[in-house]
Amino acid sequence: MTQLDYPAWLRIEHWVNVLFVTLLIRSGIEILGTHPKLYRGYDSKPGSEWARFTRKTMPTDKLYDTLDEEESYSAIISLPGHKNLGMGRHWHFITVIGWILTGISYYILLFATGQWHRYIPYSWSIFSDAWNDMLTYLSFKLPPLLPGQPLDAIQKLTYAGVIFILAPFLILTGAAQSPAIEARFPWYVRLWGGRQGARSLHFLGLLAFIAFIAVHLMMVGLWGWIPLNALMIFGHVRHLSWALPASLTLIAAIVMVHVAATIWSLRSPRTVQRALGSIISYGRRQLLRPMTSRQNYAPSQLSTEHRVNGKPPDTDEYKVMAVHDFLDWKLDVGGLVENPRTFTLAELRALGGKQTQRVMHNCIQGWSSIGEWSGVPFRTMIDLVKPLPQARHVCFLTMQDTGRDEPSAEGAGQFYEILDLDLVRHPQCLLAYEMNGQPLPIKHGAPLRLRIENQVGFKMAKWIERIEFISGYRGIGEGMGGWREDNVFYDKDVAI
Ligand SMILES: Nc1nc2c(c(=O)[nH]1)N[C@H]1C(S)=C(S)[C@@H](COP(=O)(O)O)O[C@H]1N2
Ligand SMILES: [Mo]
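None of these values were measured; they are calculated from a predicted model. (Residues numbered from 1 in each chain as written. Chains lettered and ligands numbered in written order. Predicted model: local features only at pLDDT ≥ 70, side-chain atom pairs only at ≥ 80, totals over all residues. Heavy atoms only, no water.)

Overview of the side chain of Ser-303
Mapped onto the elements, Ser-303 comes out in the loop between helix H9 (269–288) and helix H10 (316–323). Looking at Ser-303, its side chain comes within polar contact range of the main-chain nitrogen of Ile-370, at 2.7 Å. When near neighbours in sequence (up to four residues on either side) are disregarded, Ser-303 contacts Asp-43, Ser-369 and Ile-370. (Helix = DSSP H or I, 4+ residues; strand = E, 2+ residues; numbered from the N terminus. Polar contact = N/O pair within 3.5 Å; in protein donor to acceptor, adjacent residues only side chain to side chain. Contact = heavy atoms within 4.5 Å.)

Here's the deal with the layout of surface pockets
In this structure, the second largest pocket encloses a volume near 1100 Å³. Every element with two or more residues in the lining of the second largest pocket is listed here: helix H1 (8–33), helix H2 (85–113), helix H4 (153–175), helix H5 (179–184), helix H7 (195–234) and H9. Broken down by element, the residue count for the lining of the second largest pocket peaks at eight residues, all from H2. Taken together, the residues of the lining of the second largest pocket break down into 29 nonpolar, ten polar and four charged. When residues of the lining of the second largest pocket are assigned to domains, at least three fall in each of domain 1 (8–287) and domain 2 (299–488). (1 Å grid on protein atoms, 1.4 Å probe; cavity = no way out; pocket = protein on both sides within 12 Å on 5 of 7 lines; lining within 4 Å. Points joined across faces, edges and corners; volume = space filled by probe spheres on them. Nonpolar A, V, L, I, M, F, W, Y, C, P; charged D, E, K, R; others polar. Domains from an automatic or database assignment.)

Quick look at the side chain of Arg-284
Inspection of the secondary structure assignment puts Arg-284 in helix H9. On the basis of relative accessibility, which here comes to 5%, the residue Arg-284 falls in the buried class. Other than its neighbours up to four places away in sequence, Arg-284 contacts Arg-89, Phe-93, Arg-289, Asp-491, Asp-493, Ala-495 and Ile-496. (Buried < 20%, exposed > 50% of the residue type's maximum accessible area, 1.4 Å probe, protein only.)

Details of the nonpolar core
Formed by 46 residues in total, the largest nonpolar core has its most connected members in Trp-91, Trp-99, Tyr-106, Tyr-119, Tyr-159, Phe-209 and Leu-276. Elements supplying a minimum of two residues to this core: H1, H2, H4, H7, helix H8 (240–267) and H9. It is H1 that provides the largest number of residues to this core, a total of eleven residues. Here Phe-209 is in contact with Val-21, Trp-99, Val-162, Leu-166 and Leu-170, once residues within four sequence places are set aside. Counting residues in each nonpolar core, the second largest holds 43 residues, with Val-333, Leu-421, Ala-446 and Leu-448 among its members. (Core = buried A, V, L, I, M, F, W, Y, C linked by side-chain atoms within 4.5 Å.)

Quick notes on empty space enclosed by the protein
If you roll a probe as big as a water molecule over the atoms, it shows you where there is empty space left. Tallied over the entire structure, the rule returns two cavities of 30 Å³ or more. Space inside the largest cavity adds up to approximately 310 Å³. Lining the largest cavity we find 25 residues, and of these Asn-309, His-361, Arg-449, Gly-457 and Lys-462 sit closest to its centre. For the lining of the largest cavity, the elements supplying multiple residues, two or more each, are strand S6 (368–377) and strand S11 (449–452). Class assignment of the residues belonging to the lining of the largest cavity gives a composition of eleven nonpolar, nine polar and five charged. If you add up the space inside the second largest cavity, you get close to 40 Å³. Surrounding the second largest cavity, Ile-29, Glu-30, Gly-33, Thr-34, Glu-70, Glu-71, Tyr-73, Ser-78 and Lys-83 form its lining. In terms of residue class, the lining of the second largest cavity is made up of two nonpolar, three polar and four charged.

Things to note about the packing of aromatic side chains
Applying the stated rule across the entire model yields 22 aromatic pairs. Where Phe-185 meets Trp-187, the ring centres are 6.1 Å apart and the plane angle is 65 degrees; that geometry is what we call edge-to-face. Ring centres of Phe-458 and Tyr-490 lie 4.9 Å apart, and the angle between their planes is 65 degrees; this geometry places the pair in the edge-to-face category. Separated by 32 residues along the polypeptide, Phe-458 in the loop between S11 and strand S12 (464–470) and Tyr-490 in the segment after helix H15 (483–488) bring together distant segments of the chain. The two residues Phe-458 and Tyr-490 agree in class, both being buried. Within the aromatic cluster, the residues linked to one another by ring pairs are Trp-99, Tyr-119, Tyr-159, Phe-209 and Phe-212. (Phe/Tyr/Trp six-rings, centres within 6.5 Å; stacked < 30°, edge-to-face > 60°.)

Here we look at helix H3 (residues 125–138)
In a regular helix each residue adds 1.5 Å, so 14 residues correspond to 20 Å; H3 covers 20 Å between its end C-alpha atoms and thus fits that length. When H3 is considered as a whole, its buried residues turn out to be Ile-126, Ala-130, Asp-133 and Tyr-137. The arc that holds the buried residues of H3, viewed along the axis, is 60 degrees, so those residues lie on one side. For H3, the exposed residues set more than 90 degrees away from the buried face come down to Trp-131 and Leu-138. Lining the buried residues of H3 we find H4 and H7. Following H3 by one or two positions, Phe-140 adopts a phi angle in the positive range, close to 60 degrees. (Expected span 1.5 Å × (residues − 1). Arc of directions from axis to C-beta.)

Structural notes on the domain arrangement of the protein
In terms of domain boundaries, the protein breaks down into domain 1 (8–287) and domain 2 (299–488). Of the residues lining the interface, 31 residues belong to domain 1; the matching set on domain 2 comes to 34 residues. For the domain 1 face of the interface with domain 2, the top three residues by lost area are Leu-63, Thr-66 and Pro-179, together amounting to 20%. There are four salt bridges connecting domain 1 and domain 2. Put simply, Arg-270 and Glu-478 hold a salt bridge, and the shortest N to O gap is 3.8 Å. Summed over the shared surface of domain 1 and domain 2, the result is 20 residue pairs in polar contact (both at pLDDT 80 or more). Breaking the side of domain 1 that touches domain 2 down by element, the ones donating at least two residues are H2, H5, H7 and H9. In terms of residues, the side of domain 1 that touches domain 2 owes the most to one element, H5, which gives four residues. In terms of residue class, the side of domain 1 that touches domain 2 is made up of twelve nonpolar, seven polar and twelve charged. (Buried area = accessible area lost by both parts, 1.4 Å probe. Salt bridge = Lys/Arg side-chain N within 4 Å of Asp/Glu carboxyl O.)

Concerning the site of ligand 1
For ligand 1, the set of nearby residues contains 19 residues, the closest of which are Arg-307, Gln-400, His-444, Arg-449 and Lys-462. The separation between an oxygen atom of ligand 1 and a polar side-chain atom of Lys-462 is 2.4 Å. Notes on ligand 1: free accessible area 530 Å², of which the protein chains cover 99%. Cavity membership is defined here by more than half of the atoms lying within 2 Å of grid points; on that basis ligand 1 lies in the largest cavity. (Near = heavy atom within 4 Å. Areas by Shrake-Rupley, 256 points an atom, 1.4 Å probe, with all protein chains shown as cover. Sits in = over half its atoms within 2 Å of the grid points.)

A look at the pairing of strand S8 (residues 414–420)
The buried count for S8 comes to six of seven residues, which makes it a mostly enclosed element. Two elements, strand S7 (residues 393–401) and S8, share six bridges in a ladder whose sense is antiparallel. Note that in S8 the partner of Leu-397 across the bridge is Tyr-416. (Pairing = 2+ DSSP bridges.)

Okay, structure coming up:
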């Protein structure tokens, strides 16, 4: 049998893993804080949460939106803290890429070198051994190690569980929260008991990981911090006196990375967004972009309540239009097209080819609901206006001025979002004027909003008044691809 020593790759990957897992935990808590409530099933009906991490109560007598529910957590527990969902996501995703690559190389090396003997049990007796170990620990003694192995039975089982079950479980429940994956493989969401089920399980996985870390640290202390750290740092116990300073130095280095990431994110979020976003977007585009939405939920699955994000235009002009059922409203479609057009709502309705889809809405904050939307498929619009060859993106401009309509928002100016042309050609990309068989309600974007089912909610502009085909967007707003990207540093490619 292979000698179960501590080869260099094992030691290096152990410490890299400590860095990645702690970054994932803190950035994950940041993401949780933006909608600090957990639900079962598919949707997040207000009041139906089984856990909440906020003391805020929401008004029942006036319209509030989901940004009002957001919590600001301290940077001690979240990365970077203080309501920075965009930054939290950048760190979560960049780290998960590194974590998955480390994990894959770890699996390969484990099996290639025979080190898997550490973790894979040989016989069923390991369970009774583990039980005995547990009793031994409870009587404040240390149990025997397995013959020829560096671990006792309970440790071996726990490590196997963390490496082969818990880590993949976290990755799988994470993936189940990607709108692109959900849209393409609705059965996969069902597997986890729905979108909110997956989110809740992802959270329970986090708790399990935290519990593991706590017990692991306790065990290392119990069995001997110094010799075990010597093994995990140097691979042998010949320099015992260096083990304590070396382990403290490593821990300090990991803390330094956290502090640097936090300060960097709070001081220059734009740089973090650009640097991390470009790597993440690349990966996401390769993996998730090709996924086409194939959702068609049953009418019985429609959510009875839909949360709202964004406050409606607060102008007399809009209110008068609303009173007149948007008779005076017009949609301009132009930019780099052969046939610029203007439509009234009646003209849009008369276009024909009305499409209806029952789909799940995923807000970047983590809440979801299933709704039925009807309107003009965006492909019909493309055929009508005929984009010129140089058109590569589409900009959706709205009647909402965030500074005016949502003074608590972090940013100001006209809300707009830009999507790549290949995305809006997807079959379930819709200019919706109806929701659940009724004219679109004001809070959900009347008279016209976008539905793009393999993306996160913030790309689906509500209260649209103009659509422009463009060749690039660096000159628009802050040049990041939308109001949210400009003002709150969200990533542009939001298929997860
Ligand atoms: N004009 C405008 N459109 C918007 C928003 C906004 O603030 N302003 N919020 C977006 C976000 S973040 C989400 S999740 C969805 C919410 O849609 P709903 O309010 O109909 O549920 O709208 C999107 N469209
Ligand atoms: Mo959202």
